[in-house]
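Structure assessment
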Amino acid sequence: QIAHWKDGETVFRHAVAVTQGNYLAHGKLGEALAASGRTAEAQAEFATAIQLNPAYFPAMYSLGTLLRTNSNTAPEAFALFRQALQLQPQDAKAHYNLAIALADRGNVAEALAQYHEALRLDLDFASAHNNLANLLLAQGNAADALPHALAALRLKPDSLQAHLNAANAFFLQEKFADAATHYAAAVKLDPANAEARLNLAKAFVNQDKLDEATPLLKEAARMDTTNAEPHEILAAIFSTLKQPAAAAQEYASALQLAPDWVEGLNSLANLLATQPDSALRDGSRAVTLASRACTLTGSTNVAYVETLAAAYAEAGMFTEAASVQQLACDLAAS
């Protein structure tokens, strides 16, 4: 076939052209098309291969994998994975693919069972360990997820997802130093991953390593300008470090992204109303922020109501301040 070979696609197109009923050629052509990103053409070739040979197992899970990513064809993919498993019940990959489809459908218990069966058949199936760890973490089961994340890392030491799964499992068990080790590895593997950088910072914060957390949080905020959380944590750090101007700036940045962040509204209002540095105080703005916090909580939080009273006082609205402070007293008494 050298005369017809340029790449996988050309040789199998030729095979399809000069033979009839060649399910293998259609299946291999589908694989070549899928590898080059031509999904629709690949699906057609896989479907033809299955039509020619309803027991052609590789085409079933290849077609199912392509269809699974489209919500309109997900049920068809699920049926193909079921059919493939009936043909090859001892194939670990068949159980793995079915587990993915089950998880997509929200059938967590069945998906867990299929992942476990895939690993019973192939204990060194790194992707199954990884996906199982991820699914267990989504259920809040960090203790069971961790061994699978570590097994995936043993098999694939440079797996980004395995490092993230291990880090998340350690974090949920409050083993923050171990979590930091794996988050740091994830950041090294994927420097553009803002979430990994943020989580590494949170692991440092939980170890009181604020100096190490601060630059990571600033970088995470720069990388993802839609996420308020880095600003929220930075505001708390600067408040702890008695740096009110920096804290105020971070509270303001966070509230631009999350206008209904009640704790931030109250904290910034309190800062603007009570700071000894007159350059930072702003009674009018404090009233606006504190009023919003009280509105969002139905004026039932004593601390937030007290902040509003302080804001009114700073703004020179003493009648309102006294009235609101009386409300705070009544709330405390009740």
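If you're wondering where the values come from, they're calculated on a predicted model, not measured in any experiment. (Residues numbered from 1 in each chain as written. Predicted model: local features only at pLDDT ≥ 70, side-chain atom pairs only at ≥ 80, totals over all residues. Heavy atoms only, no water.)

Details of the overall build of the protein chain
When its secondary structure is counted, the protein chain shows 19 helices and zero strands. For 334 residues, the compact-globule estimate of 2.2 N^0.38 gives 20 Å, and the protein chain exceeds it by more than 25% at 29 Å. In terms of its C-alpha atoms, the protein chain occupies a principal-axis envelope of roughly 90 × 45 × 35 Å. Buried positions account for 43% of the 334 residues belonging to the protein chain. Residue pairs in contact within the protein chain that sit at least 24 positions apart in sequence constitute 43% of those at least 6 positions apart. On the protein chain, roughly 16800 Å² of surface is accessible, and the fraction owed to carbon and sulfur atoms is 51%. Looking at the protein chain, you have 22 positive and 34 negative side-chain charges, and the mean spots of the two groups are 7 Å apart. (Helix = DSSP H or I, 4+ residues; strand = E, 2+ residues; numbered from the N terminus. Rg over C-alpha atoms; globule rule 2.2 N^0.38 Å. Buried < 20%, exposed > 50% of the residue type's maximum accessible area, 1.4 Å probe, protein only. Contact = heavy atoms within 4.5 Å. Areas by Shrake-Rupley, 256 points an atom, 1.4 Å probe, with all protein chains shown as cover. Lys, Arg positive; Asp, Glu negative; His and termini not counted. Charge placed at Lys NZ, Arg CZ, Asp CG, Glu CD.)

Re the side chain of Thr307
With respect to the helices, strands and loops of the structure, Thr307 is situated in helix α18 (residues 302-314). Since its relative accessible area comes to 3%, Thr307 is described here as buried. Engagement of the side chain of Thr307 in a polar contact is seen with the side chain of Asn270, the distance being 3.4 Å. When residues no more than four places from it in sequence are discounted, the contact partners of Thr307 are Asn266, Ala269, Asn270 and Ala290. (Polar contact = N/O pair within 3.5 Å; in protein donor to acceptor, adjacent residues only side chain to side chain.)

A closer look at the packing of helix α4 (residues 57-68) against helix α5 (residues 74-87)
The relative placement of two packed helices is expressed as an angle between their axes plus a distance between the axes. Relative to each other, α4 and α5 sit at 155°, their axes nearing to 8 Å. In terms of orientation, α4 and α5 fall into the roughly antiparallel class. Here the hand of the crossing between α4 and α5 comes out left-handed. Contact with α4, carried on its side by Phe57, Met60, Tyr61, Leu63, Gly64, Thr65, Leu67 and Arg68, involves Ala74, Glu76, Ala77, Leu80, Phe81, Gln83, Ala84 and Leu87 of α5 and no other residues of that element. Residue composition of the contact of α4 with α5, grouped by class: eleven nonpolar, three polar and two charged. (Axes fitted to C-alpha atoms, helices over the stretch in contact; angles between N-to-C directions. Parallel < 35°, antiparallel > 145°, perpendicular 65-115°, else oblique. Left-handed = near helix turned anticlockwise from the far one by under 90°. Nonpolar A, V, L, I, M, F, W, Y, C, P; charged D, E, K, R; others polar.)

Here we look at helix α8 (residues 126-138)
Spanning 13 residues, α8 covers 19 Å between terminal C-alpha atoms, matching the ideal 18 Å at 1.5 Å per step. The inward-facing, buried residues of α8 contact α6 (92-104), α7 (108-121), α9 (142-155) and α10 (160-172). Phi for Gly140, located one or two positions after α8, is positive at around 80°. (Expected span 1.5 Å × (residues − 1).)

Focus: the environment of Tyr96
Examined against the element boundaries, Tyr96 turns out to sit in helix α6. Taking the C-alpha atoms as reference, Tyr96 lies 41 Å from Ala254; in sequence the two are 158 residues apart. Among residues more than four places away in sequence, those in contact with Tyr96 are Tyr115, Ala118, Phe125, Ser127, Ala128 and Asn131.

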